[in-house]
Every structure is written in structure tokens, then in C-alpha cells.
Amino acid sequence: MTFAVIQMVSQSDVPANLAQARRLLEHAAAGGARLAVLPENFAAMGRRDVADIGRAEALGEGPVLPWLKQTARDLNLWIVAGTLPLPPLDQPHAKPNACSLLIDAQGQTVARYDKLHLFDVDVADARGRYRESDDYAYGARVVVADTPVGRLGLTVCYDLRFPELYGELRAAGAELISAPSAFTAVTGAAHWDVLIRARAIETQCYVLAAAQGGVHPGPRETYGHGAIIDPWGRVLSQQDQGEAVLLAERDSNEQASIRARMPVADHRRFFSQGAQRPASER
């Protein structure tokens, strides 16, 4: 049950990005991967016309969705398509979601996850201000789907800061969780490694943290350090910057043993809202 995490340095040129992604996915398939995760914004970084890109894809006039389906078929590979802007189904002119698609080896869309948490943050870097909600609509659903390597929960980038989502994915049966990302260099250096390891430890899932790792238009610099984390929180593979194909195998027996020896899902407690104040403050 081999899977792959892809790291890229995507630019604004969609055909060039797709060519790069195809080459990396070919390496993943040649390495025995049954499923590969592309990073956030794999098809384009630094573009301001995300609504136009999404509308074209929804109307069947864009290059990315046909490319995904053909690549999956050609390589006999399941693909988590990082993110691309897609409006809600049957609403091609609506504001797009930051959408992560799961494509099977026959080129069919098995699942769609619309990013729940949007990155509206001020960062001490060259860009300074990020407001994803200017371009994207919020998602509203938790998504889990069966794949050849196990039951997969889908998340994206900024979601990593919200552990309650990951708890819901574990409760829904997730054994692996994809986290295609484009962390900034500043926030990545501070928090990336601890977040991806914490999400793996608390859910006892493999975390497939695909990343962007380099300099993009905007200006924007991403942290990279794409990684595969096992259910005990161990880093199985990682790449600091630049493009990469990371491969690992899921050991389902070891994962079951970890969950049996430390059954955190059974120990989860629920509590009433509001903390008890000290008597001196009442």
C-alpha cells in the first residue's frame, strides 16, 4: 500500500505547472504508488483570476480537470488534486471554493472537499497580508473516502490549525489524512513540523503533507518541507525545498497496534461549555 507526496514550486503558467506535475506523478507511479497527493495550488500560484479559472473548469473549457482525468488513467494512479478553484456544482458563475478533488485510477471524481478554513492572516513577510476569503467561498463539509491505500480524510493547509476537524475525520474512519499546503516561509518555519506531527499523533493516522517549497509570483515564498508522517508521529520522509516525490508504505498492522495499545478514540471525553472560575472571582 504505497503512496506518494509531491512537492512543487508552482508558478503562474498553468501548462508548465501541469507538465511538471505530470513528470513528478510519473515518478510516483514508477515507485509503486497507488495514490499521490499534489500540493495546494499545484496548477497555478500567484494568479489573481481564480474565479475565471474556476468558471472555465466548471464549464468544461479549462485544461486542469481533463488533464487530471487523463493522467490518472494513463498512470493507473489515484490522485489527490491539491487544490484548484472550483465553484459549487451546477453554479459555474458563483464564487469558487478552494477545492481538493480525489480522482480514482479510471479518472473519475470520487470525492470533493472544499476548504473549510480560509487563510485571512497578517504575516511578517514580503507580502504581509493574506485574505483568501476575498477570492474563495468557505467549505461546509467533512469528507472521507475509501482508496486503495486506506480510508482517506481530506484537508487543506490552514485546516492544520484546527484539530477538531481532524478529530471528526478520525471519528469518520480516516486512516490517512491528506494535507496539500502552501505554508508561507514565516509561518512554516514556526509551526509546520509541529502541526503535521501533532495531527498525526492525535488521530493516529498517516498525514500526507504535500507542499509548495520555493519562490512564487506575488511575491510569495513557501516553506516546503513536504512530509509523510506515520500514526506515531514519526517523519518517514521529508524534503526541505524544491520539487520532490516522497514515497512510503502504510503498515496497517502497526497502525492497528498503535490504536489498540493507546485507544485515544475510546478515551475521548465531552464536557460542558465554560470553565469554572475561581471562588475569588465569583
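Residues numbered from 1 in each chain as written. Predicted model: local features only at pLDDT ≥ 70, side-chain atom pairs only at ≥ 80, totals over all residues. Heavy atoms only, no water.

**Section: helix α5 (residues 185–203)**
Point 1. Taking 1.5 Å per residue, 19 residues should reach 27 Å; α5 reaches 26 Å between its end C-alpha atoms and fits that length.
Point 2. His-191 marks where α5 bends most, by close to 55°.
Point 3. Listing the buried residues of α5 in full gives Thr-187, Gly-188, Trp-192, Leu-195, Ile-196, Arg-199, Ala-200 and Thr-203.
Point 4. A positive phi of about 55° marks Gln-204, the residue just after α5. (Helix = DSSP H or I, 4+ residues; strand = E, 2+ residues; numbered from the N terminus. Expected span 1.5 Å × (residues − 1). Bend = angle between axes of the 7 residues up to and from the residue. Buried < 20%, exposed > 50% of the residue type's maximum accessible area, 1.4 Å probe, protein only.)

**What about helix α4 (residues 163–171)?**
Point 1. Among the residues of α4, Leu-165, Tyr-166, Leu-169 and Arg-170 are the ones counted as buried. Mapping the buried residues of α4 onto a view down its axis gives an arc of 140°, with all of them on the same face.
Point 2. Positioned one or two residues after α4, Gly-173 has a phi angle of 100°, which is positive. (Arc of directions from axis to C-beta.)

**Remarks on the environment of Gly-226**
Point 1. On the secondary structure map, Gly-226 appears in strand β16 (residues 226–229).
Point 2. Sequence separation between Gly-226 and Asp-13 is 213 residues, and the spatial gap between their C-alpha atoms is 22 Å.
Point 3. Filtering out sequence-adjacent residues up to four positions away, Gly-226 remains in contact with Gln-7, Trp-192, Ala-209, Ala-211, Ser-237, Gln-238, Gln-239 and Leu-246. (Contact = heavy atoms within 4.5 Å.)

**Some thoughts on the UniProt feature "domain: CN hydrolase" (unreviewed entry) in the protein**
Point 1. As annotated by UniProt and renumbered to match this structure, "domain: CN hydrolase" (unreviewed entry) occupies residues 1–252.
Point 2. Along residues 1–252, the helical share is 27% and the strand share 29%, with 9 Å between the first and last C-alpha atoms. (UniProt positions renumbered as here; feature names shortened; annotations may be inferred.)

**As for the pattern of salt bridges**
Point 1. Applying the stated criterion to the full structure yields 15 salt bridges.
Point 2. Ionic pairing is found between Arg-22 and Asp-74, a salt bridge with its closest N-O pair at 3.1 Å. One end of the pair, Arg-22, is in helix α1 (residues 14–30); the other, Asp-74, is in helix α3 (residues 64–75), and 52 residues separate them in sequence.
Point 3. In this structure, Arg-47 engages Asp-49 in a salt bridge whose closest nitrogen and oxygen atoms are separated by 2.9 Å.
Point 4. According to the relative accessible area criterion, Arg-47 is partly exposed, its value standing at 29%.
Point 5. A single salt-bridge network, built from bridges that share partners, covers Arg-22, Glu-26 and Asp-74. (Salt bridge = Lys/Arg side-chain N within 4 Å of Asp/Glu carboxyl O.)

**Overview of empty space enclosed by the protein**
Point 1. All told, the structure shown has one cavity of 30 Å³ or more when counted by the stated rule.
Point 2. Approximately 80 Å³ is the volume found for the largest cavity.
Point 3. For the largest cavity, the full set of lining residues is Glu-40, Lys-115, Phe-119, Glu-132, Cys-157, Tyr-158, Arg-161, Ala-182, Phe-183, Thr-184, Thr-187 and Arg-220.
Point 4. When its residues are assigned to classes, the lining of the largest cavity shows five nonpolar, two polar and five charged. (1 Å grid on protein atoms, 1.4 Å probe; cavity = no way out; pocket = protein on both sides within 12 Å on 5 of 7 lines; lining within 4 Å. Points joined across faces, edges and corners; volume = space filled by probe spheres on them. Nonpolar A, V, L, I, M, F, W, Y, C, P; charged D, E, K, R; others polar.)

**Some words on the pairing of strand β1 (residues 2–8)**
Point 1. Counting buried residues in β1 gives seven out of seven residues, a clear majority hidden from the surface.
Point 2. Neither face of β1 is left uncovered, since the one carrying Thr-2, Ala-4, Ile-6 and Met-8 and the one carrying Phe-3, Val-5 and Gln-7 both have all their residues buried.
Point 3. Across six bridges, the pairing between β1 and strand β18 (residues 244–249) is antiparallel. Among the inter-strand pairings, Ala-4 is bridged to a residue of β18, identified as Leu-247.
Point 4. Strand direction decides the pairing type here: β1 and strand β13 (residues 211–212), joined by two bridges, are parallel. Bridging across to β13, Met-8 finds its partner in Gln-212. (Pairing = 2+ DSSP bridges.)

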